[in-house]
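Residue-level listing of the chains:
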There are 2 protein chains.
Amino acid sequence: MAKTRKSIKEQAHAHRGQIPKGARKEEIIRAAAKLFSQKSYHDVTMDDIAEKVGVAKGTIYLYFDSKENLYLEIMEETYEEIESILERETAKSDPAPLKLKKVLGLIFKFYLQNLDVLRILSRDETHLIREHYEFTEHWRLRRIKLYEKILEKGINEGSFRPFKTELTALIIFGLVRSVMFYYKSEKSAESIAEEVFSMISEGILAPGYEKAEAARM
Amino acid sequence: MAKTRKSIKEQAHAHRGQIPKGARKEEIIRAAAKLFSQKSYHDVTMDDIAEKVGVAKGTIYLYFDSKENLYLEIMEETYEEIESILERETAKSDPAPLKLKKVLGLIFKFYLQNLDVLRILSRDETHLIREHYEFTEHWRLRRIKLYEKILEKGINEGSFRPFKTELTALIIFGLVRSVMFYYKSEKSAESIAEEVFSMISEGILAPGYEKAEAARM
DNA sequence: CGTGTTGTACTGACTAGTCAGTCATTCGAT
DNA sequence: ATCGAATGACTGACTAGTCAGTACAACACG
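Not measured: the values here are computed from a predicted model.

### Some details on the overall build of chain A
For chain A, the count of helices and strands is 10 helices and zero strands. Helices (α) and strands (β) of chain A occur, in sequence order from the N terminus, as α-α-α-α-α-α-α-α-α-α. Burial statistics for chain A: of 217 residues in total, 50% are counted as buried. Sequence-distant contacts in chain A: of pairs separated by 6 or more residues, those separated by 24 or more amount to 68%. Roughly 11300 Å² of accessible area belongs to chain A as shown, and the carbon and sulfur atoms make up 52% of that amount.

### Some points on the relation of the copies chain B and chain A
For these two chains of identical sequence, chain B goes onto chain A by a turn of 180° and a shift of 0.1 Å along the axis, with RMSD 0.1 Å. Seen this way, the second copy is the image of the first under a two-fold rotation axis. Ranked by how close their C-alpha atoms come to the rotation axis, the residues of chain B are headed by Gly203(B), at 1.9 Å. Interface overlap between copies: 100% of the residues of chain B at the interface are likewise at the interface in chain A, consistent with a symmetric, same-surface contact.

### Focus: the packing of aromatic side chains
Counted according to the given criterion, the structure contains 18 aromatic pairs over all chains. Their ring planes at 75° and their centres at 6.4 Å tell us that Tyr182(A) and Phe173(B) sit as a pair that is edge-to-face. Taken together, the residues span two chains, with Tyr182(A) in helix α8 (residues 165–182) and Phe173(B) in helix α8 (residues 165–182). Its relative accessible area of 5% is what places Phe173(B) among the buried residues. Arranged with centres 4.9 Å apart and planes meeting at 85°, the rings of Tyr41(B) and Tyr71(B) form a pair that is edge-to-face. Of this pair, Tyr41(B) sits in the loop between α1 (23–38) and α2 (46–53) while Tyr71(B) sits in helix α4 (residues 67–90), and the two are 30 residues apart along the sequence. Across this residue pair, the class does not change: Tyr41(B) and Tyr71(B) are buried.

### Describing the environment of Thr78(A)
Residues and elements named next belong to chain A. Looking at the secondary structure, you find Thr78 in helix α4 (residues 67–90). Taking relative accessible area as the criterion, Thr78 reaches 6% and is therefore assigned buried. C-alpha of Thr78 to C-alpha of Asn114: the two residues are 36 residues apart in sequence and 8.5 Å apart in space. A polar contact is formed between the side chain of Thr78 and the backbone oxygen of Ile74, at a distance of 3.0 Å.

### Comments concerning the environment of Val117(B)
Residue and element names in this part refer to chain B. Residue placement: Val117 occurs in helix α6 (residues 115–121). Residue Val117 is classed as buried on the basis of its relative accessible area of 13%. Here the alpha-carbon distance between Val117 and Met75, two residues 42 residues apart in the chain, equals 7.3 Å. Every residue in contact with Val117, bar those within four places of it in the chain, is listed here: Ala33, Ile74 and Thr78.

### Things to note about the nonpolar core
If you look at the biggest cluster of nonpolar residues, it comprises 84 residues, and the most contacted ones within it are Phe108(A), Val196(A), Leu104(B), Phe108(B), Tyr147(B) and Val196(B). Filtering out sequence-adjacent residues up to four positions away, Phe108(A) remains in contact with Val176(A), Val179(A), Met180(A), Ala189(A), Ile192(A), Ala193(A) and Val196(A).

### Some details on the interface of chain B and chain A
It is common to give the size of an interface as the accessible area lost on bringing the parts into contact. The partner chain A presents 55 residues to the 55 residues of chain B that form the contact. Summed over both partners, the interface of chain B with chain A comes to about 5300 Å²; 63% of that surface belongs to carbon and sulfur atoms. The tally of links from chain B across to chain A stands at four salt bridges. With a closest N to O distance of 3.2 Å, Lys164(B) and Glu195(A) form a salt bridge. One can count 20 residue pairs in polar contact (both at pLDDT 80 or more) joining chain B with chain A. Elements represented by at least two residues in the side of chain B that touches chain A include exactly α1, α5 (96–113), α7 (130–157), α8, α9 (189–202) and α10 (211–215) of chain B.

### Regarding the side chain of Thr136(A)
Residues and elements named next belong to chain A. Take Thr136: it is sitting in helix α7 (residues 130–157). For Thr136, a relative accessible area of 10% corresponds to the buried category. Not counting chain neighbours up to four residues away, the residues in contact with Thr136 comprise Met75 and Leu121.

### A closer look at helix α2 (residues 46–53) of chain A
All names here are of chain A. Listing the buried residues of α2 in full gives Met46, Ile49, Ala50 and Val53. In a view along the axis of α2, the buried residues occupy a sector of 100°, so they form one face of it. Elements in contact with the buried residues of α2: α1 (23–38), α3 (57–63) and α4. One or two positions beyond α2, positive phi appears at Gly54, with a value near 90°.

### A word on the packing of helix α9 (residues 189–202) of chain A against α8(B)
Packing of α9(A) against α8(B) leaves a shortest axis separation of 11 Å and a crossing angle of 65°. On the basis of their axis angle, the class for α9(A) and α8(B) is roughly perpendicular. Where α9(A) crosses over α8(B), the handedness of that crossing is right-handed. For the pair α9(A) and α8(B), the contacting residues are Glu195(A), Val196(A) and Met199(A) in the first and Leu167(B), Thr168(B) and Ile171(B) in the second. Residue composition of the contact of α9(A) with α8(B), grouped by class: four nonpolar, one polar and one charged.

Thresholds applied
Residues numbered from 1 in each chain as written. Chains lettered and ligands numbered in written order. Predicted model: local features only at pLDDT ≥ 70, side-chain atom pairs only at ≥ 80, totals over all residues. Heavy atoms only, no water. Helix = DSSP H or I, 4+ residues; strand = E, 2+ residues; numbered from the N terminus. Buried < 20%, exposed > 50% of the residue type's maximum accessible area, 1.4 Å probe, protein only. Contact = heavy atoms within 4.5 Å. Areas by Shrake-Rupley, 256 points an atom, 1.4 Å probe, with all protein chains shown as cover. Least-squares fit on C-alpha atoms with pLDDT ≥ 70 in both. Phe/Tyr/Trp six-rings, centres within 6.5 Å; stacked < 30°, edge-to-face > 60°. Polar contact = N/O pair within 3.5 Å; in protein donor to acceptor, adjacent residues only side chain to side chain. Core = buried A, V, L, I, M, F, W, Y, C linked by side-chain atoms within 4.5 Å. Buried area = accessible area lost by both parts, 1.4 Å probe. Salt bridge = Lys/Arg side-chain N within 4 Å of Asp/Glu carboxyl O. Arc of directions from axis to C-beta. Axes fitted to C-alpha atoms, helices over the stretch in contact; angles between N-to-C directions. Parallel < 35°, antiparallel > 145°, perpendicular 65-115°, else oblique. Left-handed = near helix turned anticlockwise from the far one by under 90°. Nonpolar A, V, L, I, M, F, W, Y, C, P; charged D, E, K, R; others polar.

Next up, the structure:
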């Protein structure tokens, strides 16, 4: 169709100068991440994102195949980053309790620095799209495996008592998420990690009130 | 517009007879709950729900003002039920540890019986609609308050060591959610509660490996 | 130097499809 | 015959994705 698409405005404003190199893509990711963290996937339109970046909608499609793809790329980027930080830490040969504490610290620190994206990543929107579901599941499983490794190491070392690492890893995973999201505090990542670690390691029971007593309830 | 809406089919099938009284509404809620638990809010259409119930879409609007409203009513119903069960339990004068264990048991039991709706309720779709956000926040806060009460009681009784109840309640909240969702097990609600309670109360550290050691890490 | 050509980043009006909600009509029980 | 319950075709608003066209820079050539 050879229709002229010129509008009333007739080339209203001059083009903004081109942005460096791959900066556009990064710009779009940042803006989209912010929006996705504020509203749900479906409530963020491609027009919203375009407006926030200050480009036309078509531009976004020069860098991403689809909305789903953009969403997935945001998650992937962040995921890779935190996971590599964590795996670098666990590769060290610290004793298990210290290792766990450090990992918690790194997670809380990363979270504090990446509130927006983490909020998306941890969202339980397991039904959005198939890829998203698979992605978050993969991520969850990998994190839980990481915890399990540390726990197993601790049990072997004798620093942790013997328990089912599967359930315990799940517990740690869930509790970390909850603290990340809902714990309002001015404290540093390290001191939050410290507090959380202390609860995980010692439990809630008073030393006087011992297992024997609790067991026959 | 006084246009005739008759289609080619021309009254294809006979109407199903009317259903008892308020049974229709309950039917719709159940069908919708099932669908919402399988797909996200936006991916479930009113046509889907109508089809699943076996009525026309218009019928749903005889019982609910809007899709949002239907969604909210599902949540409200379930929420009221579990919360009243929990509050009946906490009103008893059991010692705190037993009380906590019982509450965990009831939550897991209720969850096992109401997988569909709980999956919706605990979903972190905090941005769907304003009412939904307020609703889930209200629910979370109330549950956390419930944990806090039990924890405070335990500290006063001397059965729990003194810790920050706010953070600990948040931890329990998160860990329960995680276990509910992801713990694949054939065990009964009681025995899951037992396992979880044991982790919460005793922690992960081996008795030999004591605080002193952990503290100077 | 001016003029033409090419490459590319970008634009935004438009298309095609979706879906919540409506309402004129029909059903069926009394 | 009457009337409330139920129907489902239709509407209107919305949005992901498209693509013909624009702007501009860089280089080429006479």
